[in-house]
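# Results of the structural survey
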Amino acid sequence: VFPGVRQAQWLTKTKLVEGLPPAVQGVMDNPALGLQELQERARHVVSHARLWDTAEVAPRRERYCPVLFENLIHTCRLMSGKYPSLSKRMLARNCRIAATWERESILLQVRGLSGILMNSMTPIPPVASKEEILATKEHVLETFYPIAPTIDLQEVNVYKELNDTGQCFRDGYPYSHPHTLFFLESANARTDRFRPEQLRAKMLMFAFGNALAKAKALHGNDPKVLEKPVVVQSIGTDGQLFQFMVFQLNTTDLVSNDGVKNLVWIDSDQNLYERAQCVPEVKKRVVTKPAGISGFQPDTFKKFLALYLHGAV
């Protein structure tokens, strides 16, 4: 269960920063990248997923959400002609992750399917400076006293302390660095989907899990402040509303609340479009609402694209 980001912050010893980090914002704001050129194509991607992909009068979320994601990724790939290092990426599906750590006197483990994972031949550079990392020592993590921060976590008997990046990163695999996790909340019934706050907590836990497993594979199991922090991004969507996240693992010394903390930047609840009218609304033989997409938000697409480009431009 992932009730919220505040709990996930305590579990992962992480300080939250609202909004996207300057490194990603810089990609968005750089006119030389020509991101505007792809905005009209992104608008067509939304129309294709919501209006044209199927003969059904109104496509179901479980259909249009994956279609929208695949077409957004395809649109991002068009930038690989300009930035060849983008071709050194690979999408892996159904990747399993297992990461184990100790927090205070509690042994914790995150494990399961990691969503869709984009891997890269090269890691994302750290997004926080050494000064910013050292400054996290002053940050005080929120406690939930008298409630235990693990109150609703599932208790299991752990017979093996796994730190496993899954089938994605076997020895010799060239795309050995986790880049971005994608979570598609595509269930048609609202009750079967994570609420946005739950989704952000899930994104944080799995970004942390991937970063921790990678750090231990690179640097061993000894708790330490990392000389080279590990950065893993995450994007979650239900096919309309997007959550963006950049996580930086600064330390694997997670037992106490003291010392250097990890960092996460979150940009929450960004609509890609306001409304999809699949069939026109007609009253007294007059079209009151024509079919089409309304309220397309180019900035949300630019954030998606900027996270995709991050580390390659």
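It should be noted that the structure appears before, not after, this text.
First things first, this report covers the structure right here in the doc. These numbers were taken from a predicted model, which means no experiment stands behind them. (Residues numbered from 1 in each chain as written. Predicted model: local features only at pLDDT ≥ 70, side-chain atom pairs only at ≥ 80, totals over all residues. Heavy atoms only, no water.)

### Focus: the overall build of the chain
A count of helical and extended segments in the chain gives seven helices and 13 strands. In terms of its C-alpha atoms, the chain occupies a principal-axis envelope of roughly 70 × 45 × 35 Å. Counted over contacts in the chain with a minimum sequence separation of 6, partners at least 24 positions apart contribute 76%. Carbon and sulfur atoms make up 51% of the accessible area of the chain, which amounts to about 15400 Å² in all. Averaging the positions of the 38 positive and the 32 negative side-chain charges in the chain gives two centres separated by 6 Å. (Helix = DSSP H or I, 4+ residues; strand = E, 2+ residues; numbered from the N terminus. Contact = heavy atoms within 4.5 Å. Areas by Shrake-Rupley, 256 points an atom, 1.4 Å probe, with all protein chains shown as cover. Lys, Arg positive; Asp, Glu negative; His and termini not counted. Charge placed at Lys NZ, Arg CZ, Asp CG, Glu CD.)

### A look at helix α7 (residues 298-309)
The terminal C-alpha atoms of α7, which comprises twelve residues, lie 16 Å apart, in line with the 16 Å expected from a rise of 1.5 Å per residue. Across the twelve residues of α7, ten count as buried, placing the element largely inside the fold. Gly311 sits one or two positions beyond α7 and adopts a positive phi of about 95 degrees. (Expected span 1.5 Å × (residues − 1). Buried < 20%, exposed > 50% of the residue type's maximum accessible area, 1.4 Å probe, protein only.)

### Some words on the environment of Pro126
Turning to its location among the elements, Pro126 is positioned in the loop between β5 (116-120) and α5 (130-135). Along the primary structure Pro126 and Asp267 are separated by 141 residues, whereas in three dimensions their C-alpha atoms are 18 Å apart. With residues up to four places along the chain from it excluded, the contact list for Pro126 reads Pro229, Val231 and Gln248.

### Notes on the packing of helix α3 (residues 39-52) against helix α4 (residues 61-77)
The interhelical angle for the contact between α3 and α4, taken along N-to-C directions, is 155 degrees, at an axis separation of 9 Å. What the angle tells us is that α3 and α4 run roughly antiparallel. In the crossing of α3 with α4, the sense of the turn from one axis to the other is right-handed. Within the contact between the two elements, α3 uses Arg41, Val45, Val46, His48, Ala49 and Arg50 and α4 uses Tyr64, Val67, Leu68, Asn71, Leu72 and Thr75. Split by residue class, the contact of α3 with α4 holds seven nonpolar, three polar and two charged. (Axes fitted to C-alpha atoms, helices over the stretch in contact; angles between N-to-C directions. Parallel < 35°, antiparallel > 145°, perpendicular 65-115°, else oblique. Left-handed = near helix turned anticlockwise from the far one by under 90°. Nonpolar A, V, L, I, M, F, W, Y, C, P; charged D, E, K, R; others polar.)

### A closer look at the sheet that holds strand β9 (residues 262-271)
In any sheet, the strands associate via hydrogen bonds between backbone groups, in a parallel or an antiparallel arrangement. The seven strands lie next to each other as β1-β9-β8-β7-β6-β5-β2, forming an open sheet whose pairing is mixed. This sheet does not close on itself; its edge strands, each paired only once, are β1 (14-18) and β2 (89-92). Mean inter-strand twist for the sheet, computed between neighbouring axes without regard to direction, equals 20 degrees. Strand direction decides the pairing type here: strand β7 (residues 225-237) and strand β8 (residues 241-251), joined by nine bridges, are antiparallel. (Pairing = 2+ DSSP bridges.)

### Focus: the state of the cysteines
One pass over the structure, following the stated rule, counts zero disulfides. There is no disulfide at Cys65, and the cysteine sulfur nearest it, in Cys278, is 15 Å away. (Disulfide = S-S within 2.5 Å.)

### Digging into unusual backbone geometry
For Asn94, which is not glycine, the phi dihedral falls at a positive 55 degrees. The residue Asn94 is located in the loop between β2 and β3 (96-103) in this model. Although it is not a glycine, Glu104 adopts a positive phi angle of roughly 55 degrees. Here Glu104 shows up in the loop between β3 and β4 (106-113).

### Concerning the side chain of Asp238
Relative to the elements of secondary structure, Asp238 occurs in the loop between β7 and β8. Of the polar contacts made by the side chain of Asp238, one reaches the backbone nitrogen of Leu241; its length is 2.8 Å. (Polar contact = N/O pair within 3.5 Å; in protein donor to acceptor, adjacent residues only side chain to side chain.)

### A few points about the packing of α4 against α7
Running from amino to carboxyl end, α4 crosses α7 at an angle of 60 degrees, the nearest separation of the two axes being 10 Å. With respect to their mutual orientation, α4 and α7 come out oblique. Considering only the axes of α4 and α7, their crossing is right-handed. Note on element contacts: α7 touches α4 through Phe301, Phe304, Leu305 and Tyr308, opposite Phe69, Leu72, Ile73, Thr75, Cys76 and Arg77. Split by residue class, the contact of α4 with α7 holds eight nonpolar, one polar and one charged.

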